[in-house]
Amino acid sequence: MMSSFSPTQLASLRDMGIYEPFQQLVSWGNVYKSDINDHSPNTASSSVIQVDARIDDHNNIVKSNYASTSHNHIEAEPSSNDHQDVDDDDDDRIHDKMKRRLAQNREAARKSRLRRKAYVQQLEESRLKLSQLEQELEKAKQQGLRVSNSIPSGSITNARIATFEMEHSHWLEEQSRRVSELRIALQAHISDIELRMLVESCLNHYANLFRMKSDAAKADVFYLISGMWRTSTERFFQWIGGFRPSELLNVVMPYLQPLTDQQVLEVRNLQQSSQQAEEALSQGIEKLQQSLVENIVVDAFSMDYPPQMAAALENLQALEGFVNQADHLRQQTLQQMAKILTTRQSARGLLALGEYLHRLRALSSLWAARPREPT
């Protein structure tokens, strides 16, 4: 029956995967015939088992290859698409993040330019105002010189005091402007170099005040030490013609935080040394007062008092030295604080001091304008 298949049919069966089993049937027939001739049944059964095993192995291999190929084909396409989607999402996020950063940088640069423009404009206005004040001051000095030449020599002292009052008035106006500059600079977060220039300018401004007070003390030390050139509330806190340096430290300390341990130690030492110097000057003033009393009442029943008055006048000349030493202590305290603190801490301290003195003067105005009960 197997011999009825032509070679072409066998090739077709082989392509369909059927040829090999049929070929095995032929083999079985040959084996069977051989077994009949040889009378060996074991050989036939062994051949059948081997053929069945080959058929099962072939089918398993075909199924395994088909399943593996199908599985890999199914998983390959989603994996490629997933990677492409993830890459696209990452690119979009990075692009959006770069856009946000660029927008933030542009906005920050715009605000910085506006702040700097406002600050430069403020400085220019301040410079013009300062130039005008200097011109007015120079004119006033020339007028004062002409007046002093036309009045008796005994009135020169009053002219010097009038000049001091005028200079002090201009100093207060300039002080208000500098405090405003410090406030604007701290709010604008300018560089430390620019801020240091403002701090040095404020310290020099206080030095000018001490110089003016020294000239006024030469003209009339009692006028200066009495505080007649100051407001009523300022006179209430006055100590030898000005503020106490130790009290100044108490006023500005809350605005200097945070301080390092080293800064706290140095500020405390500065405060202690200032208090010791203040105590020494106060004791010197008390001894001067006692000396004046002793000179005046040395002989109350004697009518010959010129010698005692001459001694008293000689002692009074020391009063000018006490005023100058007190101002020197104030100036040294400010300078030492600027060395201990950072630039921004110094700026905050000077701003706090300027605001404190300004509010003392404002309190005097409010006190003078307070409503009073009719008498």
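Our subject is the structure listed above.
The numbering scheme is per chain: residues are counted from 1 as the chain's sequence reads. The predicted origin of the model limits local features to residues at a pLDDT of at least 70 and limits the giving and counting of side-chain atom pairs to 80 or more, whereas totals for whole chains, interfaces and linings rest on all residues. The side-chain numbers reported here are obtained from all heavy atoms of the structure, hydrogens and water having been left aside.

(A) Looking closely at a nonpolar patch on the surface. Each patch is assembled from residues with relative accessible area greater than 30% and no salt bridge, linking like charges that lie within 9 Å and nonpolar side chains (Val, Leu, Ile, Met, Phe, Trp, Tyr) that lie within 5 Å. All accessibility values rest on the Shrake-Rupley procedure with a 1.4 Å probe; residue burial counts only the protein chains present in the view. Criterion for a salt bridge: a side-chain nitrogen of Lys or Arg within 4 Å of a carboxyl oxygen of Asp or Glu. A surface patch of nonpolar side chains, amounting to about 350 Å² of accessible area, comprises Val-293, Ile-296, Val-297 and Met-309. By the element assignment, Ile-296 lies in helix H9 (residues 261-296). The buried label applies to any residue whose accessible area, calculated with a 1.4 Å probe on protein chains only, is under 20% of its type's maximum; exposed applies above 50%, and partly exposed to all values in between. On the basis of relative accessible area, Ile-296 is assigned to the partly exposed category, the value being 48%. For helices the rule is a DSSP run of H or I covering at least 4 residues; for strands it is a run of E covering at least 2, with both sets numbered from the N terminus onward.

(B) Molecular detail of the pattern of salt bridges. Under the definition given, this model contains 14 salt bridges. We note a salt bridge from Arg-196 to Glu-200, for which the minimum N-O separation is 3.5 Å. Within this pair, Arg-196 and its partner Glu-200 are both found in helix H5 (residues 192-219), separated by 4 residues, close to a single helical turn. Judged by its relative accessible area of 25%, Arg-196 is partly exposed. Of the residues examined, Glu-200 reaches a relative accessible area of 36% and is grouped as partly exposed. For the salt bridge of Arg-211 with Asp-215, the shortest nitrogen-to-oxygen distance reads 3.7 Å. Linking Arg-211 with Asp-215, this pair stays in helix H5, spanning 4 residues, or about one helical turn.

(C) Molecular detail of the nonpolar core. Only buried residues count toward a nonpolar core, which is a set of Ala, Val, Leu, Ile, Met, Phe, Trp, Tyr and Cys residues joined through side-chain atoms within 4.5 Å. Counting residues in hydrophobic clusters, the biggest one holds 57 residues, and the most contacted among them are Tyr-206 and Met-337. Elements with a contribution of two residues or more to this core: helix H4 (156-188), H5, helix H6 (221-226), helix H8 (245-252), H9, helix H10 (306-340) and helix H11 (343-368). Examining the composition of this core, we find that 12 residues originate from one element, H5, more than from any other. Other than its neighbours up to four places away in sequence, Tyr-206 contacts Trp-171, Gln-175, Leu-334, Leu-350, Leu-353, Gly-354 and Leu-357. In what follows, a contact means two residues having at least one pair of non-hydrogen atoms within 4.5 Å.

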